[in-house]
Amino acid sequence: MLIFVENITNRLKYTFDFIFKERDLTYEFTTNKESFINSEVSKFNYSRASFDKEIKSLTPSSILFREGVYNFSINKKQFYKEECLTINDKTDPFASIFYIITRYEEYNSTLIDHHGRHQGKHSVLYRFNWHHYTMCDRWAEDILAFFKYNCGLKYENKIHHPQIVPTFDIDKAYAYKHKSPVRNILSNLKDLWTKNTKQLLERKLVISGSKKDPFDNFDLIYDIQRRGYDVKLFWLLGNYGKFDKNISHKHKRHIRLIMKMAEISTIGIHPSYKSNSNEFFVHQEIERLQNILSKHIRNSRQHFLKLTLPYTYETLIEQEIENDFTMGYADICGYRAGTARKHLWFNVMTNEITKLKIHPFAYMDGTLNEYLKIKPEDAQEKIAALFMETKKFGGDFIFIWHNDTINNYGHWKGWSQVLEFTLRLREVVK
């Protein structure tokens, strides 16, 4: 496919690579009108230049040809068979892909929650009820279908076999075990003050060894790995704080547990809540995990899904992280970047394609139960729809659980069936 443009930019190459190279197709840009007119291959004019009516054209939005971040008026309109964004009143599926997959709208947005996170309910995808769809892939397929029927491009849709990728955040390895005497005393005093006799008794039984710690569900994660799943864990090793409550990274039992789980899973860092305001803590926590495992740590997912662009990803790159698994929202399910495919992060501020690979996830356990407050049966229906979207348009089906949510404990009673339902979606792929 030959594409005529007035200027070749990094944004342009990034977007067209997603459309073409992700689907094993080739394309070429040209700024030479004469060679474009004389070419006999499939061609398309993506510029303000005029050609014969036989050559299909689209006047582009300026977003792929500018630098920096600007505020645009956003609406929607039909392109071919799919609705896409209109950016400053220009209907442009190419610009739509770039706008969503780079999270362009988040760079200048002030619509954040009390944790400093961008909320899905304020996103453009949510505004148009597109958050459950891999819209960037839908737009890519729509563009290719347009090229096929109007420009002679030879292209057939592929059958996708998404990989089921269970991931677990280890925020608190244990509910009661292996905590310092001071933490146990303060917890007991708090329970006495609030008259939480049930928790007082449970803590006593667990610490005495009479009862299993309710968060100690690592045997269940072991079982998932034995069934052939590529399990990924993200471990919180930050200093104790209001939102960082794992046991000490120095505790021998904690170290032993991490090393044991590393035998059956890929372990990444779970940068602490406080690390978002101080890069030193990210470095410190990665170093702790590297010292425990004696290996370079390549994977990361932000605690509380705290992601601030471009700062968070620039920090991870500086710390030599290669893969990030934070791309999703806490308050809604769906595809924050409009795709389930792993992709390189594009830094909109520097206008560069980076080496950091982004791995989007489809849903988080807490989103379903604690934010949306839906029943396990309804959660299964929502998950099935998200999975079928991935199966139709490609990518991996990545999802988040925690070691304390997978064993029907407390308000998670009945939710283990939701995890099992998700795992068994693998049978649909076959």
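Bear in mind the structure is a predicted one, so any value in this text is a computation, not a measurement.

Calculation notes
Residues numbered from 1 in each chain as written. Predicted model: local features only at pLDDT ≥ 70, side-chain atom pairs only at ≥ 80, totals over all residues. Heavy atoms only, no water. Helix = DSSP H or I, 4+ residues; strand = E, 2+ residues; numbered from the N terminus. Rg over C-alpha atoms; globule rule 2.2 N^0.38 Å. Buried < 20%, exposed > 50% of the residue type's maximum accessible area, 1.4 Å probe, protein only. Contact = heavy atoms within 4.5 Å. Lys, Arg positive; Asp, Glu negative; His and termini not counted. Charge placed at Lys NZ, Arg CZ, Asp CG, Glu CD. Axes fitted to C-alpha atoms, helices over the stretch in contact; angles between N-to-C directions. Parallel < 35°, antiparallel > 145°, perpendicular 65-115°, else oblique. Pairing = 2+ DSSP bridges. Phe/Tyr/Trp six-rings, centres within 6.5 Å; stacked < 30°, edge-to-face > 60°. Lys NZ or Arg CZ within 6 Å of the ring centre and 35° of its normal. Arc of directions from axis to C-beta. Salt bridge = Lys/Arg side-chain N within 4 Å of Asp/Glu carboxyl O. Patch = residues over 30% accessible without salt bridge, like charges linked within 9 Å, V, L, I, M, F, W, Y side chains within 5 Å. Areas by Shrake-Rupley, 256 points an atom, 1.4 Å probe, with all protein chains shown as cover. Disulfide = S-S within 2.5 Å.

A. Layout of the overall build of the protein. Scanning the protein for helices and strands turns up 15 helices and 15 strands. Taken over the C-alpha trace, the protein has a radius of gyration of 24 Å; the compact-globule value for 430 residues is 22 Å, and the two agree within 12%. With respect to the three principal axes, the spread of C-alpha positions in the protein is 85 × 45 × 40 Å. Counting across all 430 residues of the protein, residues that qualify as buried make up 56%. Considering only residue pairs separated by 6 or more positions, the protein has 73% of its internal contacts joining residues 24 or more positions apart. The distance from the centre of the 63 positive side-chain charges to the centre of the 52 negative ones in the protein is 6 Å.

B. Inspection of the packing of helix α1 (residues 10–20) against helix α5 (residues 135–150) at higher detail. Contact pair α1 / α5: the axes reach a minimum separation of 9 Å and the direction vectors enclose 80°. By the angle class used here, α1 and α5 are roughly perpendicular. Facing F18, I19 and F20 of α1, the residues of α5 in contact are C136, D137, A140, I143, L144 and F147.

C. The arrangement of the sheet that holds strand β1 (residues 2–4) in detail. Pairing is parallel in the open sheet, where 3 strands are placed in the order β2-β1-β3. The outermost strands of the open sheet, each flanked by one partner alone, are β2 (28–30) and β3 (43–45). Between one strand and the next, the sheet's axes are offset by a mean angle of 25°, whatever the strand orientation. Relative to β2, β1 runs parallel, the two being bridged by 3 bridges. Opposite I3, over in β2, you have F29 as the bridge partner.

D. Broad picture of the packing of aromatic side chains. Scanning the model with the defined rule gives 43 aromatic pairs in all. Between F72 and Y104, the ring centres sit 5.9 Å apart and the planes meet at 45°, which makes this aromatic pair tilted. Here F72 is found in the loop between β3 and β4 (74–78), whereas its partner Y104 is found in the loop between α3 (93–101) and α4 (124–127), with 32 residues between them in sequence. Residue F72 shares its accessibility class with Y104, and that shared class is buried. Aromatic ring contacts, followed pair by pair, group F16, F20, Y27, F29, F44, Y46, F65, F79, Y80, F94, F146 and F147 into a single cluster. The ring centre of Y70 lies 3.7 Å from the NZ or CZ of R66, which sits over that ring. The side chain of K306 reaches across the aromatic face of Y273, ending 4.5 Å from its centre.

E. Summary view of helix α14 (residues 416–423). Those residues of α14 lying buried are V418, L419, T422 and L423. An end-on view of α14 places all buried positions within 140° of arc, on one side of the element. Tucked into the core, α14 has its buried residues touching β7 (164–170), α8 (218–226), β14 (363–364), α13 (376–393), β15 (397–402) and α15 (426–429).

F. Geometry of the pattern of salt bridges. Applying the stated criterion to the full structure yields 25 salt bridges. Between D137 and R341 there is a salt bridge, with its nearest N and O atoms 2.6 Å apart. Residue D137 is found in helix α5, and its partner R341 is found in the loop between β11 (323–324) and β12 (343–347); the two are separated by 204 residues along the sequence. Each member of the pair, D137 together with R341, is buried. With a closest N to O distance of 3.5 Å, E322 and R298 form a salt bridge. In this pair, E322 sits in the loop between α11 (311–318) and β11 while R298 sits in the loop between α10 (279–293) and β10 (299–300), placing the two residues 24 residues apart along the sequence.

G. Seen up close, unusual backbone geometry. With an omega of 0°, the peptide bond between L309 and P310 qualifies as cis. Here P310 lies in the loop between β10 and α11. One non-glycine residue, N129, lies in positive phi territory at about 60°. Tracing the chain through its elements places N129 in the loop between α4 and α5. On the accessibility criterion, N129 (49% relative accessible area) is partly exposed. A positive phi angle is found at N408, which is not glycine, with a value near 60°.

H. Quick look at a positive patch on the surface. Together, K172, K190, K242 and K245 make up a positively charged patch on the protein surface. Along the chain, the position of K172 falls in the loop between β7 and α6 (181–194).

I. Quick look at the state of the cysteines. For the structure shown, the criterion picks out 0 disulfides. Here C84 is not cross-linked by a disulfide; its sulfur's nearest cysteine counterpart is in C136, at 11 Å. The exposure class of C84 is buried, given its relative accessible area of 1%. Cysteine C333 shares no disulfide, and the gap to the nearest cysteine sulfur, in C136, comes to 18 Å.

J. Structural view of the environment of I358. Secondary-structure assignment places I358 in strand β13 (residues 352–358). We classify I358 as buried; its relative accessible area is 1%. When the C-alpha atoms of I358 and F346 are compared, they prove to be 9.9 Å apart, with 12 residues separating the residues in sequence. In contact with I358, not counting residues within four places along its chain, are Y313, D324, M327, R341, K342, H343 and W345.

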